[in-house]
Amino acid sequence: MKLLFERSVPGCGCTILPACDVPLVELDAAKREQALHLPEVSENEISRHYTELAKETHGVNDGSYPLGSCTMKYNPKINEVAAALPGFTKIHPLQPDHTAQGCLEVLQTAEKLLCEITGMDRMTFQPAAGAHGEFTGLLLIKAYHDHRGDTKRTKIIVPDSAHGTNPASAVMAGYQVINIPSRADGCVDLEVLRAAVGEDTAGLMLTNPNTVGLFDKNILEITRIIHEAGGLNYYDGANLNAVMGLVRPGDMGFDVIHLNLHKTFSTPHGGGGPGSGPVGCKAFLQDYLPETGAQSIGRVKAFHGNFLVVVKALNYILMLGREGILQASQNAVLNANYLRKKLSGVYDMAYDETCMHEFVMSLEQEKHEESVSALDVAKALLDYGIHPPTMYFPLIVHEALMVEPTETESKENLDELIRAFLEIHEKAKTDPEYIRSAPHTTTIKRLDEVAAARNPKLRYEF
Amino acid sequence: MGNFISTTEQQQKEMLQEAGYDSFDALFAGVPEGVYQKDGVNIPEGLSELETERRMEVLAGKNQIFPHIFRGAGAYNHYIPAIVRTVVAKEDFLTAYTPYQAEISQGNLQAIFEFQTMICELTGMDVANASVYDGATAAAESIFMCRERKRMKALVSATTPPQVLETMQTYCYGRGAELCVVPEKDGVTDLEALASMLDEGVACMYLQQPNFYGILEDAKRIGELVHEKGAKFVMGGNPIAMAVIRTPGECGADVAVGEGQPLGMPLGFGGPYLGFMAATKDMMRKLPGRIVGETVDSEGQRGFVLTLQAREQHIRREKASSNICSNQALCALTASVYLAAMGAKGVQEAAMQCTSKAHYLQKELEQAGFHLVYDKPFFHEFVTDTPVDAELLMKQLEQHGYLGGLVLSGGRILWCTTEMNTKQEMDELVRLGKEAANR
């Protein structure tokens, strides 16, 4: 595909602005000297360029997207309609409150509903994404200990099955990370946890269901151990889609949570963002939230967060309501177990028991016997028009493929997915080279990532 | 009530059976009693699509849309070309995830590569990342690119917009980093104070250009001062202004960041916006977030991949340069389409109109008794005092559909114009101002 710059023809362009209706003023001082190279393209060329790029971009609208931990559910179009209302898009963030009552009501209503869903008391919408929420939530924990003068609490406990953002966020919040090994089933080892806590424990970061898709049955005991040691419990909401409306993190002993509105609450991922990562907390932490007053941790972003994303999430929650929320998580879990059941026996399940919204398979045996890796199976799925599962995560499972079908896939799609997985497994035995060299039908074949990193070419050179 | 589920109840029953369960509850048998809410949580019943749309329209209707906006302070009312709105609404771009699977994400990856190129062009820097949350978090992240073993302290000019400064402070609270504010003098960074604060322990100095008051600072001189003491120079900026004023690269910046909202994103009550970050080649591996690089596939065709991932949280965990995972990809795409539609000439025209209109309005306001507070070169914002109570004036403007400037401490007003403001509405604004003054 041509780059936009390669479509550029000197003299081409679009007519956008009228002539200036006041005397021209040019800044004398500090003028830009270097030329500004931007494409010179007609509107037709721009339209065709991006249509071409869109065709080479696999979205949820293109086919199954069982990308574990990412909750690639269908993104309802009414969300987009709501977020495009001029009554939202044309509102300046620094307008006086009495002229932005609708926006404030959106935030307030979303807060109320999400607090009810999560069992929290207050929520901030400033964080722009999940990791941003983790950072914000950890700062609440830090502020809590700081204001009590409890400055020896310097450590955050993170299981080795956690998302990479957890330890990275803990470091940004100034904490030392204590990685604890998980049990074979990915759940927290209570003995290991008891040995890890102490007077230096600031808190624990946990996602439940965990990253192998299992609900940790000992959750009440886990959060109690942390509380008894004087620490707080942080809930990573990445996997809430399994239990939304059925289990509230607040009832499991969590004090702070973040949600991923772009996962669980159906606002689209936009090819990597924007998301929204609101942080909820129990009442005893509310004074530390951004924009609250003297004890606040301060702001983590300009203005009020990714507001239009919150509009989409609110729209979704209003539409689903109590019953719909329940059905969403029930069917997310059903679809995952249906897939798991149909694939187990052929693929090795890391943990072959009832899973929540996702499950993890291990390709270790295939790797050993046929030299076909998790990566190879993932690439082979591309030839079926299916987005592969998350690869090589969680780290505690070798050759992992993490599958999260979501509740919005039809049975026909799930059966198609099963058929593809089974065919690939068969082919890996009869013609492993075919799988190792997949994909075969995509426009672009396997890319040389090593060369890209060794000799970084990060921009077009004119 | 909608749930967007694609299976029928009958199919669900069959699937439960095939998977070995007799009910939905059986799937959740592992959840301890006491935390399992069999019947769901206490929120209202769901609505149909039509009811939901009506409900959202009512909410949107409770806001006042100002047809005439003279307020900026970090969020700017620019024209958004139609092509921008249609391209970013394409479902493939909207619904894709981060392009982990390069073979089926070439469109997304190439779009980011093009964005990185445009940001390099605007900033005059060597490399750019795929975006961060907004200009404020970009500024905050930049500090942690610059800290080294013996240089741990960051400086920031007092002329930085408060929202940006406060975000930097929060990030510094997190890591326990020292952030010192360099005082301002007559609306610009106090160079003498800066010189005295620059010592061997300073990692970097952050300057925003134009600054919070809209004024163009002597950025090049500040960069020289900072470099003389061996510290890094970080410049924040407005991307529209960068098309006409000396770029961060030309001012010697090591890192350039900014708020990309003016490039095609609606005001949207503050977001989603776009943080961009660019750096010199030397600082490339310190950049946080996603970066796309060019490479070839097994058949020798050009292609693009996420690269230099050894910096990132999913590989490095607690040793990562940042925790960022999701960014503002669709906003980066928005900016790219905007820059393509406007072209270099168009962006420069927009910048020039911003400046011309700001100067026209300033002169007219001066005559109406709103005196310029700082006699310094400015881009598209400026500060005046006011002959009437500022809040009262805002109330009166509001009734005529005018969102006046932002009221600052001491009754001063920060005005902003863009290419959207016509001479006619500026004249009307001034008339309303005069009227208020004479009342």
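Residues numbered from 1 in each chain as written. Chains lettered and ligands numbered in written order. Predicted model: local features only at pLDDT ≥ 70, side-chain atom pairs only at ≥ 80, totals over all residues. Heavy atoms only, no water.

Visitor: Can you explain the overall build of chain B? Please cite residues and give values.
Guide: In terms of helices and strands, chain B carries 15 helices and 16 strands. Taken along its principal axes, the extent of the C-alpha atoms in chain B is 80 × 55 × 50 Å. Relative to its full complement of 439 residues, chain B shows a buried share of 67%. Here the analysis covers contacts within chain B between residues at least 6 apart in sequence; of these, 69% occur between residues at least 24 apart. Carbon and sulfur atoms make up 49% of the accessible area of chain B, which amounts to about 14,800 Å² in all. Measuring between centres, the 39 positive side-chain charges of chain B sit 6 Å from its 56 negative side-chain charges. (Helix = DSSP H or I, 4+ residues; strand = E, 2+ residues; numbered from the N terminus. Buried < 20%, exposed > 50% of the residue type's maximum accessible area, 1.4 Å probe, protein only. Contact = heavy atoms within 4.5 Å. Areas by Shrake-Rupley, 256 points an atom, 1.4 Å probe, with all protein chains shown as cover. Lys, Arg positive; Asp, Glu negative; His and termini not counted. Charge placed at Lys NZ, Arg CZ, Asp CG, Glu CD.)

Visitor: Talk me through the domain arrangement of chain B; I want residue IDs and the actual numbers.
Guide: Residue and element names in this part refer to chain B. Taken domain by domain, chain B holds domain 1 (68-78 + 344-437) and domain 2 (82-339). Relative placement of domain 1 and domain 2: their C-alpha centres are 28 Å apart. Counting residues at the interface gives 24 residues for domain 1 and 22 residues for domain 2. Considering only the surface of domain 1 that becomes buried against domain 2, Val347, Tyr374 and Phe379 emerge as the three largest contributors, covering 30% of it. The interface formed by domain 1 and domain 2 includes zero salt bridges. The tally of links between domain 1 and domain 2 comes to five residue pairs in polar contact (both at pLDDT 80 or more). Broken down by secondary-structure element, the contributors of at least two residues to the side of domain 1 that touches domain 2 are α13 (329-367) and β13 (381-384). The element best represented in the side of domain 1 that touches domain 2 is α13, accounting for four residues. (Domains from an automatic or database assignment. Buried area = accessible area lost by both parts, 1.4 Å probe. Salt bridge = Lys/Arg side-chain N within 4 Å of Asp/Glu carboxyl O. Polar contact = N/O pair within 3.5 Å; in protein donor to acceptor, adjacent residues only side chain to side chain.)

Visitor: Any details on the sheet that holds strand β9 (residues 359-362) of chain A? Residues and values, ideally.
Guide: Residue and element names in this part refer to chain A. One open sheet accounts for four strands, arranged β8-β9-β11-β10; its pairing is antiparallel. Whereas interior strands pair on both sides, the edge strands pair on one side only; in this sheet they are β8 (348-349) and β10 (390-391). For β8 and β9, the ladder comprises two bridges, and the chain directions are antiparallel. Bridging across to β9, Asp348 finds its partner in Ser362. Against the sheet, helix α11 (residues 374-382) touches β10 and β11 (400-403), its axis set at about 45° to β11. (Pairing = 2+ DSSP bridges. Axes fitted to C-alpha atoms, helices over the stretch in contact; angles between N-to-C directions.)

Visitor: Pulling in residues and values, what's your account of the domain arrangement of chain A?
Guide: Residues and elements named next belong to chain A. What the domain assignment reports for chain A is domain 1 (4-56), domain 2 (78-318) and domain 3 (327-453). The interface of domain 2 with domain 3 comprises 23 residues on the first partner and 20 residues on the second. Of the roughly 1,600 Å² buried between domain 2 and domain 3, counting both surfaces, carbon and sulfur atoms make up 62%. Counting the surface domain 2 buries against domain 3, the share from its top three residues, Val212, Leu214 and Asn241, is 31%. Between domain 2 and domain 3 we count one salt bridge in total. On inspection of domain 2 and its partner domain 3, the count reaches five residue pairs in polar contact (both at pLDDT 80 or more). Looking at side-chain class alone, the side of domain 2 that touches domain 3 contains eleven nonpolar, nine polar and three charged residues. (Nonpolar A, V, L, I, M, F, W, Y, C, P; charged D, E, K, R; others polar.)

Visitor: How would you explain the interface of chain B and chain A if you had to name every residue and give the values?
Guide: Tallying the contact residues gives 182 residues for chain B and 205 residues for chain A. Counting the surface lost from both chain B and chain A, the interface buries some 16,700 Å², and carbon and sulfur atoms represent 63% of this. Broken down residue by residue, the surface that chain B buries against chain A is led by Glu103, Phe269 and Arg317 of chain B, which jointly contribute 6%. Here chain B and chain A share eleven salt bridges between them. Inspection of the region where chain B meets chain A yields 99 residue pairs in polar contact (both at pLDDT 80 or more).

Visitor: Describe in detail the side chain of Gln110 of chain B, supporting the description with residues and values.
Guide: Relative to the assigned elements, Gln110 of chain B resides in helix α6 (residues 106-123). Excluding residues within four positions of it along the chain, Gln110 of chain B makes contact with Met1, Lys2, Leu3, His49 and Leu53 of chain A together with Phe304 of chain B.

Visitor: Tell me what's going on with the pattern of salt bridges, and back it up with residues and numbers.
Guide: Residues and elements named next belong to chain A. For the structure shown, the criterion picks out 45 salt bridges over all chains. The shortest N-O distance in the salt bridge between Glu116 and Arg248 comes to 3.3 Å. Highlighted residues: Glu116 in helix α4 (residues 101-118) and Arg248 in the loop between β5 (232-236) and β6 (256-258), separated in sequence by 132 residues. Classification of Glu116 as partly exposed rests on a relative accessible area of 25%. Of the charged contacts, one joins Glu353 and Lys217 as a salt bridge, the two residues approaching to 4.0 Å between their closest N and O atoms. One end of the pair, Glu353, is in the loop between β8 and β9; the other, Lys217, is in the loop between β4 (201-206) and α8 (219-228), with 136 residues separating them in the sequence. Connected via shared salt-bridge partners are Glu191, Arg194, Glu221, Arg224 and Glu228.

Visitor: I'd like a description of the pairing of strand β8 (residues 232-237) of chain B, backed by residues and values.
Guide: All names here are of chain B. With five of six residues buried, β8 lies mostly within the body of the structure. For strand β7 (residues 202-209) and β8, the ladder comprises six bridges, and the chain directions are parallel. Residue Gln208 lies in a different strand from β8, and its bridge partner there is Gly236. Tracing the backbone out of β7, into helix α10 (residues 219-228) and back to the parallel element β8 gives a crossover that is right-handed. As defined by bridge partners, β8 adjoins strand β9 (residues 255-259) across four bridges and the pair is classed as parallel. For Val234, the partnering residue across the bridge sits in β9 and is Val255. (Right-handed = clockwise from strand over helix to strand, strands pointing away.)

Visitor: Can you explain the confidence of the model for chain B? Please cite residues and give values.
Guide: With 100% of its residues at a pLDDT of 70 or more, chain B shows a mean pLDDT of 96. We note a pTM of 0.98 for the whole complex and an ipTM of 0.98 for its interfaces. (pLDDT = per-residue confidence, 0-100.)

Visitor: Mind laying out the packing of α11 of chain A against helix α12 (residues 411-430) of chain A, listing which residues take part and the relevant values?
Guide: Residues and elements named next belong to chain A. Running from N to C, α11 and α12 cross one another at 125°; their axes reach a closest spacing of 10 Å. Taken together, the axes of α11 and α12 are oblique relative to one another. The way α11 lies across α12 gives a crossing that is right-handed. Taking contact as the criterion, the partners of Val377, Ala380 and Leu381 in α11 are, on α12, Ala420, Phe421 and Ile424. Looking at the contact of α11 with α12, its residues break down into six nonpolar, no polar and no charged. (Parallel < 35°, antiparallel > 145°, perpendicular 65-115°, else oblique. Left-handed = near helix turned anticlockwise from the far one by under 90°.)

Visitor: Any details on helix α1 (residues 9-19) of chain B? Residues and values, ideally.
Guide: An α-helical turn contains 3.6 residues, so a residue and the one three or four places further along point in the same direction. All of the buried residues along α1 of chain B are Gln11, Gln12, Met15, Leu16 and Ala19 of chain B. One side of α1 of chain B carries all its buried residues, which in axial view fall inside an arc of 140°. Facing away from the buried side of α1 of chain B, by more than 90 degrees, are the exposed residues Lys13 and Gln17 of chain B. Those residues of α1 of chain B that are buried lie in contact with α9 (307-343) and α12 of chain A together with α2 (24-27) of chain B. (Arc of directions from axis to C-beta.)

Visitor: Explain the sheet that holds β9 of chain B to me, using residue names and the numbers behind them.
Guide: Residues and elements named next belong to chain B. The strand order across the open sheet formed by seven strands is β2-β10-β9-β8-β7-β3-β4, and the pairing between neighbours is mixed. If you trace the sheet from one side to the other, it starts and ends with β2 (127-128) and β4 (179-182), each paired once. Packing of helix α8 (residues 162-175) onto the sheet brings it into contact with β3 (153-157), β4 and β7, and relative to β4 it is tilted by some 155°. Together, β7 and β8 form the strand contacts of α10, whose direction differs from that of β8 by roughly 155°.

Visitor: Talk me through the nonpolar core; I want residue IDs and the actual numbers.
Guide: Phe88, Leu193 and Phe265 of chain A are the most contacted members of the largest nonpolar core, which has 104 residues in total. Sorting elements by how many residues they give to this core places α9 of chain A first, with 19 residues. Counting contributing residues, this core receives three or more from each of domain 2 (78-318) and domain 3 (327-453) of chain A. Beyond its immediate chain neighbours, meaning those up to four positions away, Phe265 of chain A contacts Leu114, Ile117, Leu240, Met244, Leu259, Asn260, Ala313, Tyr316, Ile317 and Ile325 of chain A. Ala202, Leu232 and Ala302 of chain A together with Tyr273 of chain B belong to the second largest nonpolar core, which has 73 residues in total. (Core = buried A, V, L, I, M, F, W, Y, C linked by side-chain atoms within 4.5 Å.)

Visitor: Run through unusual backbone geometry, naming residues and quoting values.
Guide: A cis amide bond links Asn208 of chain A with the next residue in sequence, Pro209 of chain A, at an omega value of 5°. The linkage connecting Gln209 of chain B with the following residue, Pro210 of chain B, adopts the cis geometry, with an omega of -10°. Within the element layout of this structure, Pro210 of chain B appears in the loop between β7 and α10. Backbone geometry places Arg317 of chain B, a non-glycine residue, at a positive phi of 50°. With respect to the helices and strands, the residue Arg317 of chain B is situated in the loop between α12 (313-316) and α13. Exposure remark for Arg317 of chain B: the relative accessible area of 10% places this residue in the buried category.

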